[in-house]
Each structure stands twice: as C-alpha cells, then as structure tokens.
Amino acid sequence: MPPPRARYFNTTGPCDPPSSTTCCRPHPGFPRRGPSSRWTATSSCTPPRQTGKTTILRTLASDLATEGDIAVLSFSCERAKIFSNDVAATETILLDSLRRAAVLSGWPEELLPPGSWPEEQAGTRFGNALSAWCSRCPRRVVLFLDEIDALQGESLVSVLSQLRDGHNIRPDGYPFPASVVLCGLRDVRDYKIASGGAPDRYNAASPFNIIRKSLRLGDFTAGQIAELYDQHTQATGQEFTKDAVDRVFELTQGQPWLVNALADEIITEMGVTGTIATEQVEEAKERLIRARAIHLDSLAARLYEPRVKRVMEPIVAGGPYTDRGNSEDLSYARDLGLITQQPPPQVANPIYREVILRVLGDLTEQNIHADPHSFVLPDGRFDLSRLLREFVVFWREHGEVLIQQEGYHEAACQIILMAFLHRLVNGGGYLDREYAAGTKRLDVLVRWPYSGPEGERLMQREAMELKVWRPGADDPKPEGLAQLDRYLDRLTLDTGVLVIFDRRPEAPPWQGTRRLRPGHHPVRPPGHRPACVTAVRGGLKMPT
C-alpha cells in the first residue's frame, strides 16, 4: 500500500472528501442539511466561479442521502454545452450524465434509473425520463443540476420548461423529482437573457418562473480561514501566524479560490517550510497576479463585456450610476463575484482591485520606458516627488493618445496613472488601491520597504488621492483636500498628495506642481496637513 498523500490546498476542481487529501470544510452560506419534507420545489444556487459549489453540492447530497427516504443525485450539465439549439442531443447527453452519476454513486439496483430511457419526442424526453425513473424508484428523488448555465438557447428553454411542467403536475400524482436544485454562476434571470429573452419582461407562464428560492454561496470569514489553515497545521505542524491569516482575509475578503491559492502558492510553489508570516503572503499575492492564474485570467477576460464594463467603469472612475438598466448589470456582476454584495458597489476584494487596474493599464505600461531603479534615493527610500514630475512629462507626451485608445474612457486618467505607478513602484514596493462607485476619487497607498541606518527594516508610506475635474463641475480641490485629510487620518500619516486631472476644454496650460502649507491657501480648511497638489492639464479632451 502506498503511503497516504499529505493534505493540500485545492485550487482545481471539487475537493476530495474531507477525510482524504484536501484541506476543505463545508462552505458557509449554504445549508448542509435541509428539512427534507419541504424539498418540494425548484431552487437556484448561484455562486461565483471557483467558490466550492460542486464540493458543497456533493456534501449536501451525501447528507440528504443519510435520511434514508431520499435518492439524491448530483450531476453536471457541462457536456451538453455545445448543443445550444439541438434539444434532442442535449436531452441525450443530460440523461447519459444522470445515469452515469447514479451508477458511480454505488446505489442498489432498485434505486437506479432505467437501463434504457423511453423514446420520446424531442422537447419532452428529459421530463418523461425523469418521470419514468421516479415511478419505479422507492424513494423520493432530489436532483442537483450542476453547471446549469452550460445550457444555452433553445436547449435551456426546453429543459427548464420540462422541469416546470413536471413540478406543476406533481401534486396531482404525476411521478417527478420532489426537488430540483439548479446550480450555476448566474441566477435564472440571466439564463433567460442567455436564451434570447428580455430580462425586464415578467411572464407567469415562462419557463424561467420556476424558482422557489435562490441561494448564493458566501465567502469565508476570517475565522473560517483560520480553521481551514489549521487543518494544514494539524497535518504537518507548519503554522500560519495570526497576522498572516488576517492579511489573507484582508486581501481576499474570504474568496475561497484565492484563500486556497495563496496557501498553495506559499507551501507548494515557494517551498516555505517554516512558520508562514505576512511577508510570504505578500509575495504569494504578487506571484499569483503576475502569473495571471486561470481564475484571475478569466476574471480579466470579463472586463470588456458590455454588461461588466457598464458596472466597472463608474467604480474605477468613482462616478455614480444614473441608468435604471444598471440594476440588472449590477446583479450580473454580483453573481460573477466581481463586486461586493452590498452597496456602494466596489470591487469584491483587494486582489481583484489590483488585477483589474493592471489589466486595464497594460497598454499604458507598454509605453513607459523609465528605469524603476532610478527612482530609488541614496538612502533606499522611494522618490515620489520625482515620479510625479516624470508622470506629468509622460502625460503631456502620451496622455491624449492613450485616452483615445482606452476602452474605459471615463476612468482613463485613473487607469493611466495607476499603470505608471505600478510600472515604477511594484519592482520593490507595493500599491494599495481603494476605489468605489460614487466616491469621486481613487485612494492610493505606496508602501516601500527599505533599510535604516542600523540595517533595521523600515517601511516608507506615501498616500495619494486622485480626482478628476470634469466639464461643468466645480473645482474638486477643496473636496479633494478634505477627502485626503480623512484618508491620512485613517493611515496615521502627516502628509499626502492630491492629484487633479483637469479635463475641462477651457483648462489653462499646465502649471506644474505646487507645495501647499497650512493656512497658505484660501480654500483650505484650517487644520489640514501639508499636501502636494499636482494639477495635470493638457491633452484632456474627451474622445468623440
């Protein structure tokens, strides 16, 4: 017998049973057991990508099976995704997947579906086959249809219609599953759009009007991350410091794939063998982002979808939502896990925030030729003042062209400056960004580690606030200074930088940067800290 494998942090596919090889736990936000007598409807489970939905479905199915009077089966619809408008082929694939899952479950013969499904007209075969199975099964049948959003077009409409029809006549004695759970990335309203329907039209007879309850898998709490990581500690003796666990939660906000990926990167890829501290967490974050792991790459690919762009552009630009149609777009982005569940809309976690700005700023980065090492002062600190001067020169040379080429026009200023900062800071330091819809600003914290005169490890911190002066708007400087002051309060810093992009057509020629000191400026409220105000002008007209 080979020795048992050590437990590992899973980032690909469903987890093995908890008693086996993966560090896993029941997913928060979804009931492990339900009152089976009430499972008489269709439910929708809509987690974002790679949050453990398949694992939790299998766990829930296993739990329900122990009640003794339920035959509960989970199977995937993914194999049928290529047959969007071929209803007959879709039904054949789904029934084959269902029977294969039942056989692999190890059920006794009397619980298994028929050896051959009835031959029926396309568009009725799936529902009639489920009825034939339920008529011979001595237990109530509960079905979990995983990856339901793999179905598209006419095939999706047909399957949902058959489920609705069977559920509606089941109280009259028609044999049919007692409950069906549809699990996918999106809620049923988005399946309607995917099949060509309008999201704003309610129709009581619609196949999409089948859901009794919609459930969303939540993210991990800090305590649950600690519990997950403790499984690794118990198995290997390798510990995570409390600060490291707290930093993982801060960076991921509990997103399950990110939580597992950071730990796997530290242990498997970086080969850390001692106690895991915040330094290793920071390095693992950078490595994941640079490698554009498949989870992060798929996130980036969504950014230019029209529905996602309509949500993300105001978030990056700090602007408001003014279109009633944004409500559906926001729901879609929430279902994808891109933004927070509660208002104000903002990116779901700091790692996503960084990935989004890096992806959007990639074109700008290709045009930056400055040497990052030239911004390091003799004492090891970062020369932020020089960076701002260099950026103004860069903006005057390239700003207008880059704005014209930037897909996120309303957020172009923020994206271009963030790309410039990333190119020159991230070689030896860190950038922490904060932005959300409706805030009219973007906050940036530059963290630059360096050695002190005695060789001690020190951290330089520089705070920046970005504002845009748009046509027809008031001068943002007074509001910006007040916002910067609050940001500095939160960071316990004494000075900061306010960067204002003047995008008015009547903006005067560029005047450079000015150092403001307390009490020397008429619009500055008393008590404000010293702030360097950089006014960036020129080449700022909106693209037509």
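For the structure, check the block above.
Residues numbered from 1 in each chain as written. Predicted model: local features only at pLDDT ≥ 70, side-chain atom pairs only at ≥ 80, totals over all residues. Heavy atoms only, no water.

(A) The arrangement of the overall build of the protein chain in detail. When helices and strands are tallied, the protein chain shows 17 helices and 11 strands. Within the span of the protein chain, comprising 544 residues, buried residues form 52% of the whole. For the protein chain, the exposed area adds up to about 24300 Å²; of that, 50% sits on carbon and sulfur atoms. (Helix = DSSP H or I, 4+ residues; strand = E, 2+ residues; numbered from the N terminus. Buried < 20%, exposed > 50% of the residue type's maximum accessible area, 1.4 Å probe, protein only. Areas by Shrake-Rupley, 256 points an atom, 1.4 Å probe, with all protein chains shown as cover.)

(B) Looking closely at the layout of surface pockets. As a volume, the second largest pocket reaches approximately 430 Å³. Residue composition of the lining of the second largest pocket, grouped by class: eight nonpolar, four polar and 11 charged. (1 Å grid on protein atoms, 1.4 Å probe; cavity = no way out; pocket = protein on both sides within 12 Å on 5 of 7 lines; lining within 4 Å. Points joined across faces, edges and corners; volume = space filled by probe spheres on them. Nonpolar A, V, L, I, M, F, W, Y, C, P; charged D, E, K, R; others polar.)

(C) Inspection of the pairing of strand E6 (residues 430-435) at higher detail. Relative to strand E7 (residues 442-451), E6 runs antiparallel, the two being bridged by six bridges. Note that in E7 the partner of Asp432 across the bridge is Leu445. Linkage of E6 to E7, two consecutive antiparallel strands, is achieved through a turn of six residues, within which Gly438 is found at a positive phi near 85°. (Pairing = 2+ DSSP bridges.)

(D) The environment of Glu354, seen in detail. Locating Glu354 in the fold gives a position in helix H13 (residues 350-360). Here Glu354 falls in the buried class, since its relative accessible area comes to 4%. Taking the C-alpha atoms as reference points, Glu354 and Met418, separated by 64 residues in sequence, lie 9.6 Å from one another. Those residues in contact with Glu354 that sit more than four places away from it in its chain are Lys285, Glu286, Ile289, Asn426, Leu431 and Arg433. A polar side-chain atom of Glu354 sits 3.3 Å from a polar atom in the side chain of Lys285. There is a polar contact of 2.3 Å between the side chain of Glu354 and the side chain of Arg358. (Contact = heavy atoms within 4.5 Å. Polar contact = N/O pair within 3.5 Å; in protein donor to acceptor, adjacent residues only side chain to side chain.)

(E) Molecular detail of helix H10 (residues 294-301). Regarding H10, the residues found buried are His295, Leu296, Leu299 and Ala300. Projection of H10 onto a plane perpendicular to its axis shows the buried side chains occupying an angular sector of 135°, all on one side. Projecting away from the buried face of H10 at angles above 90 degrees are the exposed residues Ile294 and Ala301. Against helix H8 (256-269), helix H9 (278-291) and H13 lie the buried residues of H10. (Arc of directions from axis to C-beta.)

(F) Spatial organisation of the pairing of strand E4 (residues 179-183). Extensive coverage of E4 is indicated by the burial of five of its five residues. The β-α-β motif built from strand E3 (residues 140-146), the intervening helix H4 (residues 153-169) and the parallel element E4 has right-handed crossover chirality. (Right-handed = clockwise from strand over helix to strand, strands pointing away.)

(G) The arrangement of the packing of aromatic side chains in detail. Enumeration according to the criterion identifies 12 aromatic pairs in this entry. Between Phe391 and Phe394 the ring centres are 6.4 Å apart and the planes differ by 35°, which places this aromatic pair in the tilted class. Of this pair, Phe391 and Phe394 both sit in helix H15 (residues 384-405), three residues apart, roughly one helical turn. Each member of the pair, Phe391 as well as Phe394, is classed as buried. Three or more aromatic residues joined by ring pairs form one cluster here, namely Phe391, Phe394, Trp395, Phe420 and Phe501. The ring of Tyr332 is capped by Arg307, whose NZ or CZ atom sits 4.1 Å from the centre of that ring. Over the ring of Tyr408 we find Lys309, and its NZ or CZ is 5.5 Å from the ring centre. (Phe/Tyr/Trp six-rings, centres within 6.5 Å; stacked < 30°, edge-to-face > 60°. Lys NZ or Arg CZ within 6 Å of the ring centre and 35° of its normal.)

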